[in-house]
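Coordinate analysis (summary)
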Amino acid sequence: MEKTLHNILGEIRRTNAPLAPDALDRIIRARNREVAGPVRYVAKKKLLPFYQEVKEHRPERWRTWGVSPAEEALLVRTLQVKPRRTASGVATVTVLTKPWPCSSACLYCPNDVRMPKSYLHDEPACQRAERNWFDPYLQVTARLRTLHQMGHVTDKVELIVLGGTWSDYPEAYQIWYMHELFRALNDMGCEATVERESEARRGQYHSAGIACERDDLADWAAEAQARVTAGDASYNETVRSLYACGTHVDGNGWVAAAQWQTATFPQLEALQRKNESTEHRCVGLVVETRPDAVTPNRLATLRRLGCTKLQMGIQSLDEHILAANHRGIGVDRMQQAFELARIFGFKTHAHFMTNLLGATPESDAADYRRMVEHPAFKPDEIKLYPCALVDGTGLVAHWRDGSWRPYTEQELVNLLAEDVLATPPFTRISRMIRDISAHDIMTGNKKVNLRQLVDLELAKRAQPVQEIRSREIAFGAAANDELSLSEVAYETTNTHEVFLQWVTPDNRIAGFLRLSMPNADYVNAHATDLPINAGEAMIREVHVYGRVAGLHQGGENAQHRGLGRMLIERACNIARENGYTAINVISAIGTRGYYRKQGFTDNGLYQQRSL
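Read on for a plain summary of the structure. (Residues numbered from 1 in each chain as written. Predicted model: local features only at pLDDT ≥ 70, side-chain atom pairs only at ≥ 80, totals over all residues. Heavy atoms only, no water.)

Some words on the pattern of salt bridges
Under the definition given, this model contains 42 salt bridges. Here Lys 309 makes a salt bridge to Glu 381, at a shortest N to O gap of 2.4 Å. Taken together, the residues span a long stretch of sequence, with Lys 309 in strand β4 (residues 309-315) and Glu 381 in strand β6 (residues 381-386) at a distance of 72 residues. Note on Lys 309: relative accessible area 7%, which makes it buried. Salt bridges linked by common partners bring Asp 135, Glu 180, Arg 183, Asp 187, Arg 196, Glu 197 and Arg 201 together as one network. (Salt bridge = Lys/Arg side-chain N within 4 Å of Asp/Glu carboxyl O. Helix = DSSP H or I, 4+ residues; strand = E, 2+ residues; numbered from the N terminus. Buried < 20%, exposed > 50% of the residue type's maximum accessible area, 1.4 Å probe, protein only.)

Structure below.
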């Protein structure tokens, strides 16, 4: 391993650049040929953890290698695994809440009793959650360690909390969950603390008799799962029994865990204040909910918890399709949810599905256009999922009687390509598939590279794509004098929005800001429910792309070059020109210090700057 590293460093010193994948592969293959035996001696994924281990635990040996900071940066770029993980400028960590009864029973939704509703235990994030008892502290520290070993900078972290509808959980659990997320980030600066606290937490679950091993959990849940799949028991009643959700079940370890899975707002707020200046800061916090769970009181609570973005299950805007699939929510309620989320400053991330019962490719295309064009909706991000048939769901009967069929691959690719072309420049399609294992899908799309197939179709059509993800600068670099500021204005039912974006001559996006200017009539009509006043604008998001740059360090590409500051100043000028007297920002906990430097002061649920 060490000789391979020396060979790689030698080539880096010769070229003064990170190695291309093929050059790295030649060095690794050459070394493996030198080592006798049938087992491959060196693998790329093992090299960076080995380097980090020597540097951290055998410093004298590491110093003999004579690696300068600049050479180390090039080495990390060469050996980094899955560089796309932080190409958007932020390290994303996804965690799951524990299983809990769901307030709906959608026709297509999986009923895996080992998971929160709609998730399956073989999905990657779900596997990590289950191995860690769905514990937020253990999930975050384990994931950040892995990202570090893969060569990623983890100073700026977006936390994505998935699982059941967030507000269905008891408030004490919600506060505890966030408390543990921030405690994990704060502790990551000290490996000894993380190891000690993790060991203590694992001991608590072991003492409660709660399993975390895959085979043990399969045995534990097998009988209950069989009853649910056969339709002899509901998901909700089964989960309520297995996880003692709001009930006391003798001998159930989750009862014991619930006794200490609790915290108070003052305890949480103390950790939040600490996170403002720690090594690993929360720069975004996302929770998952249903539109009918979005209310002013719940949004205010989410802001106290530190949340900045809402993922909402929309699935369709066609009332007939919603009814056929037992969604239990109407389009009017969805519109109210978008209006409230927007006026509170949250970024909106809609889940949207194709190929639901009753849909056709043509109706799906029209439904998607309504989502991105109608002023009631126009989400900031979209997860665009094709429906996949999973055993144990109500959709199975419709497949068997022929009333539902999966789209062919070409139908699906054509539809998704049309959707991408219909997507405006202020919307990002974050995903096109769920991480459902192929063996869990009875029929429907099983190709994990579906988005790549859609990109190939788009290339054939040679039409301009405005959607954000397709334009992200990611690993590229652009000098400030190559960038121009583009402003895209659009109307919603209760705000005037301006999407400000730094773009290159070929329309790649290096950074953006979402400015929201609420309609005064709407604010006045809902004054008792809202935390803002008429005349106050809102910055809902500021994001600068490029490889993640460490806090207080000059970064590559677009980060740390003043692009965010210039976006903020322009947004303030636009709001002032439109008659607004103050501007709020829905800052994440870890970005509060940054906004104070831009002239904002703490003001309740937001930070505010006078105009």
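Here the narrative resumes, following the displayed structure.
Things to note about the sheet that holds strand β2 (residues 156-162)
Taken together, seven strands build an open sheet; the order of strands is β1-β2-β3-β4-β5-β6-β8 and the sheet is parallel. Of all strands in the sheet, those bounded by a partner on one side alone are β1 (91-96) and β8 (428-431). Within the sheet, the average angular offset between the axes of one strand and its neighbour, ignoring direction, is 25°. Sheet topology places strand β3 (residues 281-289) next to β4; four bridges connect them, and they run parallel. (Pairing = 2+ DSSP bridges. Axes fitted to C-alpha atoms, helices over the stretch in contact; angles between N-to-C directions.)

Digging into the packing of aromatic side chains
Taken as a whole and judged by the stated rule, the model has 20 aromatic pairs. On the basis of an interplanar angle of 85° and a centroid distance of 5.6 Å, the ring pair of Phe 338 and Phe 377 is categorised as edge-to-face. With Phe 338 in helix α16 (residues 331-343) and Phe 377 in the loop between α17 (361-373) and β6, this residue pair connects regions lying 39 residues apart in the sequence. Across the pair, Phe 377 and Phe 338 agree in class, each one buried. Among the aromatic residues, those joined into a cluster by ring pairs are Trp 100, Trp 133, Trp 166, Tyr 169, Tyr 173, Trp 176, Tyr 177, Tyr 205 and Trp 260. Lying across the ring of Tyr 235, Lys 117 places its NZ or CZ 5.3 Å from the centre. (Phe/Tyr/Trp six-rings, centres within 6.5 Å; stacked < 30°, edge-to-face > 60°. Lys NZ or Arg CZ within 6 Å of the ring centre and 35° of its normal.)

Here's the deal with the environment of Ser 103
For Ser 103, the position within the fold is in the loop between β1 and α6 (124-131). Separated by 187 residues in sequence, Ser 103 and Arg 290 have C-alpha atoms that sit 9.2 Å apart. When near neighbours in sequence (up to four residues on either side) are disregarded, Ser 103 contacts Thr 165, Asp 168 and Arg 290. A polar contact is formed between the side chain of Ser 103 and the side chain of Asp 168, at a distance of 3.4 Å. (Contact = heavy atoms within 4.5 Å. Polar contact = N/O pair within 3.5 Å; in protein donor to acceptor, adjacent residues only side chain to side chain.)

Remarks on the pairing of strand β13 (residues 536-544)
Side-chain positions along a regular strand alternate between the two faces of the sheet. In terms of residue burial, β13 counts as a mostly covered element, since eight of its nine residues are buried. Across six bridges, the pairing between strand β12 (residues 509-518) and β13 is antiparallel. Counterpart to Phe 512 in the pairing with β13 is His 543. Summarising the sheet, β13 and strand β14 (residues 582-585) pair through four bridges and their orientation is parallel.

Focus: the sheet that holds strand β15 (residues 601-603)
The strands that make up a sheet are held in pairs by hydrogen bonds between backbone atoms, and each pair lies either parallel or antiparallel. Strand order in the open sheet formed by seven strands is β10-β11-β12-β13-β14-β16-β15, and the pairing between neighbours is mixed. Of all the strands in the sheet, the pair left with one neighbour each is β10 (484-491) and β15. Averaged over neighbouring strand pairs, the angle between their axes works out to 30° when direction is ignored. Helix-sheet contacts for α16 involve β11 (495-503), β12 and β13, and the interaxial angle to β11 is about 65°.

Here we look at a negative patch on the surface
Among the surface-exposed residues, Glu 213, Asp 215, Asp 216 and Asp 219 lie close enough to one another that they form a single negatively charged patch. With respect to the helices, strands and loops of the structure, Asp 216 is situated in helix α10 (residues 214-230). Given the relative accessible area of 45%, Asp 216 is considered partly exposed. (Patch = residues over 30% accessible without salt bridge, like charges linked within 9 Å, V, L, I, M, F, W, Y side chains within 5 Å. Areas by Shrake-Rupley, 256 points an atom, 1.4 Å probe, with all protein chains shown as cover. Lys, Arg positive; Asp, Glu negative; His and termini not counted. Charge placed at Lys NZ, Arg CZ, Asp CG, Glu CD.)

Regarding helix α13 (residues 265-275)
Every α-helix carries 3.6 residues per turn, so stepping three or four residues along brings you back to the same face. Looking at α13, one finds that the buried residues are Phe 265, Leu 268, Leu 271, Gln 272 and Asn 275. Relative to the axis of α13, the buried residues are bounded by an arc of 125° and lie together on one face. The outward face of α13, more than 90 degrees from its buried face, is lined by the exposed residues Pro 266 and Arg 273. The elements touched by buried residues of α13 are α8 (171-187), β3, α14 (296-305) and α24 (592-597). (Arc of directions from axis to C-beta.)

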